Amino acid sequence: MAVTDTQNPLLGETTCGSLLQQLQLIWDEVGESDEERDKMLLQLEQECLDVYKRKVEQASKTRALLLQSLADSRAELSSVLSALGEKAFAGIPDKSSGTIKEQLASVAPLLEELCIQKEERIRGFADVQLQIEKIREEIAGTLKIGQQIETPIVDKEDLSLKKLGEYQSQLQELQKEKSDRLHKVLDFVSTVHDLCAVLGLDFFSTITEVHPSLNDSVSVQSKSISNDTLSKLSTMIVALKEDKKMRLLKLQDLAAQLTDLWNLMDTPMEERELFSHITCNISATVDEVIVPGALALDLIEQAEVEVERLDQLKASKMKEIAFKKQTELEDIYARAHIDIDPASAREKILALIDSGNVEPSELLAEMDSQILKAKEEAMSRKEILDKVEKWMSACEEESWLEDYNRDDNRYNSSRGAHLNLKRAEKARILVNKIPALVDTLVAKTHAWEEDRGMLFMYDSVPLLAMLEEYTMLRQEREEEKRRQKDQKRIVEQHTTEQESVFGSRPSPARPLGSKKVVGPRTNGGGSNGTPSRRLSLNAHQTGSNGARSMSRDGKRDSNRAVAPVNYVAIAKEDAASLVSATDQLPATP
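Let me sum up the structure you'll find in this document. (Residues numbered from 1 in each chain as written. Predicted model: local features only at pLDDT ≥ 70, side-chain atom pairs only at ≥ 80, totals over all residues. Heavy atoms only, no water.)

Attention shifts here to the overall build of the chain. Scanning the chain for helices and strands turns up 16 helices and four strands. Pairs at least 24 apart in sequence give 71% of the contacts found in the chain among residues at least 6 apart. Roughly 36,500 Å² of accessible area belongs to the chain as shown, and the carbon and sulfur atoms make up 53% of that amount. (Helix = DSSP H or I, 4+ residues; strand = E, 2+ residues; numbered from the N terminus. Contact = heavy atoms within 4.5 Å. Areas by Shrake-Rupley, 256 points an atom, 1.4 Å probe, with all protein chains shown as cover.)

Take the pattern of salt bridges next. Taken as a whole and judged by the stated rule, the model has 23 salt bridges. One salt bridge in this structure joins K444 and E383, with 2.9 Å as the shortest N-O distance. Of this pair, K444 sits in helix α14 (residues 434-452) while E383 sits in helix α12 (residues 360-406), and the two are 61 residues apart along the sequence. Take E383: its relative accessible area is 46%, and that puts it in the partly exposed class. With a shortest N-O distance of 3.1 Å, R452 and D451 are connected by a salt bridge. The exposure class of R452 is partly exposed, given its relative accessible area of 37%. Given a relative accessible area of 58%, D451 falls into the exposed group. Linked through salt bridges whose partners overlap, the residues forming this network are E398, E402, R474 and R477. (Salt bridge = Lys/Arg side-chain N within 4 Å of Asp/Glu carboxyl O. Buried < 20%, exposed > 50% of the residue type's maximum accessible area, 1.4 Å probe, protein only.)

Ranked by internal contacts, the top residues of the largest apolar core, which has 69 residues, are V192, L233 and I278. Looking at this core element by element, the count peaks at 14 residues for helix α6 (residues 227-265). With residues up to four places along the chain from it excluded, the contact list for V192 reads F203, T206, I207, L233, M236, I237 and L240. Counting residues in hydrophobic clusters, the runner-up holds 35 residues, among them L329, A374, C395 and Y458. (Core = buried A, V, L, I, M, F, W, Y, C linked by side-chain atoms within 4.5 Å.)

In this section: the packing of α12 against α14. Orientation of α12 relative to α14, taken along the N-to-C sense of each, is 155°, at an axis distance of 10 Å. As judged from the angle between their axes, α12 and α14 are roughly antiparallel. The handedness of the crossing between α12 and α14 comes out as left-handed. In this structure, α12 contributes S380, R381, E383, I384, K387, V388, K390, W391, A394, C395 and E398 to the contact, and α14 contributes I434, L437, V438, T440, L441, K444, T445, W448 and R452. (Axes fitted to C-alpha atoms, helices over the stretch in contact; angles between N-to-C directions. Parallel < 35°, antiparallel > 145°, perpendicular 65-115°, else oblique. Left-handed = near helix turned anticlockwise from the far one by under 90°.)

Here we come to a negative patch on the surface. Side chains of D34, E35, E36 and D38 sit close together on the surface and give a patch of like negative charge. As for its position among the elements, E35 is in helix α2 (residues 34-84). (Patch = residues over 30% accessible without salt bridge, like charges linked within 9 Å, V, L, I, M, F, W, Y side chains within 5 Å. Lys, Arg positive; Asp, Glu negative; His and termini not counted. Charge placed at Lys NZ, Arg CZ, Asp CG, Glu CD.)

Attention shifts here to the state of the cysteines. Inspection of every chain in the model, using the stated rule, returns zero disulfides. Cysteine C48 remains unbridged, with the sulfur of C16 as its closest cysteine sulfur at 6.0 Å. A relative accessible area of 42% places C48 in the partly exposed class. (Disulfide = S-S within 2.5 Å.)

Below, the discussion takes up the environment of I290. Note on placement: I290 falls in the loop between α8 (276-279) and α9 (297-316). Judged by relative accessible area, which is 62%, I290 ranks as exposed. Put simply, I290 and L195 are 95 residues apart on the chain and 8.1 Å apart in space, counted from C-alpha to C-alpha.

This next bit is on unusual backbone geometry. We note that D459 has phi near 55°; this positive angle belongs to a residue other than glycine. If you trace the backbone, D459 turns up in the loop between β1 (457-458) and β2 (461-462). The phi angle at S460 is positive, at roughly 70°, despite the residue not being glycine. Residue placement: S460 occurs in the loop between β1 and β2.

Turning next to helix α3 (residues 100-140). Across its 41 residues, α3 extends 57 Å between first and last C-alpha, which sits within 8% of the 60 Å expected from 1.5 Å per residue. G141 occupies a position one or two residues after α3 and carries a positive phi of about 80°. (Expected span 1.5 Å × (residues − 1).)

It is worth spelling out the side chain of R247 at this point. Structurally, R247 is set in helix α6. Residue R247 is classed as buried on the basis of its relative accessible area of 8%. Engagement of the side chain of R247 in a polar contact is seen with the backbone oxygen of L295, the distance being 2.8 Å. Those residues in contact with R247, other than ones at most four positions away along the chain, are L199, L201, L295, A296, L297 and I300. (Polar contact = N/O pair within 3.5 Å; in protein donor to acceptor, adjacent residues only side chain to side chain.)

As a further point, take the side chain of E398. Structurally, E398 can be placed in helix α12. Here R474 takes part through its side chain, which lies 2.7 Å from a polar atom of the side chain of E398. Among residues more than four places away in sequence, those in contact with E398 are V431, I434, Y470, R474 and R477.

So, on to the packing of aromatic side chains. Counted under the stated rule, the structure contains five aromatic pairs. With 5.1 Å between their ring centres and 15° between their planes, W400 and Y404 make a pair best called stacked. Residue W400 and its partner Y404 are both found in helix α12; the two are separated by four residues, about one turn of the helix. Y404 matches W400 in its accessibility class, with the two residues each being buried. Relative to F456, the ring of W448 lies with its centre 4.9 Å away and its plane at 80°, an arrangement referred to as edge-to-face. (Phe/Tyr/Trp six-rings, centres within 6.5 Å; stacked < 30°, edge-to-face > 60°.)

A separate point is the packing of helix α1 (residues 16-30) against α2. Running from N to C, α1 and α2 point in directions that differ by 155°, and their axes come no closer than 12 Å. Between α1 and α2, the angle falls in the class roughly antiparallel. Where α1 crosses over α2, the handedness of that crossing is right-handed. On α2, the residues touching L20, L23, Q24, W27 and D28 of α1 are R37, M40, L41 and L44. Here the contact of α1 with α2 is built from residues that sort into six nonpolar, one polar and two charged. (Nonpolar A, V, L, I, M, F, W, Y, C, P; charged D, E, K, R; others polar.)

Take a look at the structure:
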């Protein structure tokens, strides 16, 4: 039988039917029985069935695997979406859309994309959590310089953007707190640097006592910001400020001592300039002292050495210094018109210094106390003394005005006449104010004496006595003026009567002199009308002290003249002579 007989003539391929035909031909040629043939055909069918079963089972297993893979992919896809916080994702195929392989083919890229997104999200969470943990340890102070933090474990079940946002918000709050703490630390470090510069301290060794990271060699972001560091910095600043305050007070005290010693010993400016860097802060506040090294310990020691040297020099010049202070005290009393005994005071000072029983510093302190008390007393008398000066000045102008009014040539067109006229106008205004000024002086002096329980002495004379004497003499003068006017009127009347009898006018009588009120004067009394500062009451004072007053240079002024004791009596005698002269005139017939 030819081989070509077994092939399909249409397709040219071997098929089951062609093979069965070829088997039939073979069986016919061999002569197989029908039973054998049926048996062999049944065997062939069974073998074909087994092959189909195996193929079906294999296909079923493959389908099951594909379905499981698809289910796993869908489950993983759902898990990733849930972890990422996504409720749905565009592009996920429906279970009824397409074959299993098509569904797998569409799910695989989506799953890969979501897995990549998940890994990125995990890295984002890890980075944020790492920063949070680092800042927390920095605030707690448990992170050392250069120490690396282990990567924190990320919860892969919750990678949602909401959770990430919470972590980021927490990180921002911590970053803000870190920034605030860092600025505070830097401000503290800057303050410590400035204080160390002023105090002359080593900044590096001082600041590293708080924390090594505060050194300038460490980056800003790596500096310690813990509560312990902030507390130590704050405590250090308080201590440095207190040290600065104490040093400034000590330096100012030394500067004041230097200035006092210089003034006592008249130290030249060239020598004082050598310590100008010390005395320049004598009145400065703590915050105003910012010059580096201004309060260094060596500077304070230098000032202490100089004060000690000047103290030793002061002891050797004690007499000169003490007499200088005594002169200052005498000048204060002289300007205040308080009478003292300078000679006995100087003798007492000299005796104390020579005896050695008193420390120079104690003696000078006592004299300083006396000077302070003298200044206070002079200040309490200042208002009254100012008015006394005005009163004396007004009395001088009054005396000048009387001399001016007695001058018959005062209206002549001589040189300076217009100036005298202006002065006379001002003097009249001033003289009219004298009564009110005297009343004010009396009231204020009474108040002063009642407040202090003592008399107000003016160059050893009670001021109230001076004012009362002046008031009395002024009243007598006013009465004398009225008497002179009356006498002049009588004389003129008598002259008129004579003229009517004899027909001629007699020569005018000699002008009557007017008595001046004795007021306090500045230079001694004389015939030229220059008044004295003393009233006639001074003549009643016993001893030489009553007629002398202290001048500004501490010397006694013994040349001041006083008004005569019998001034009022002299004035009365003049008035009596006028009356007797009038009586000698011929009577009217």
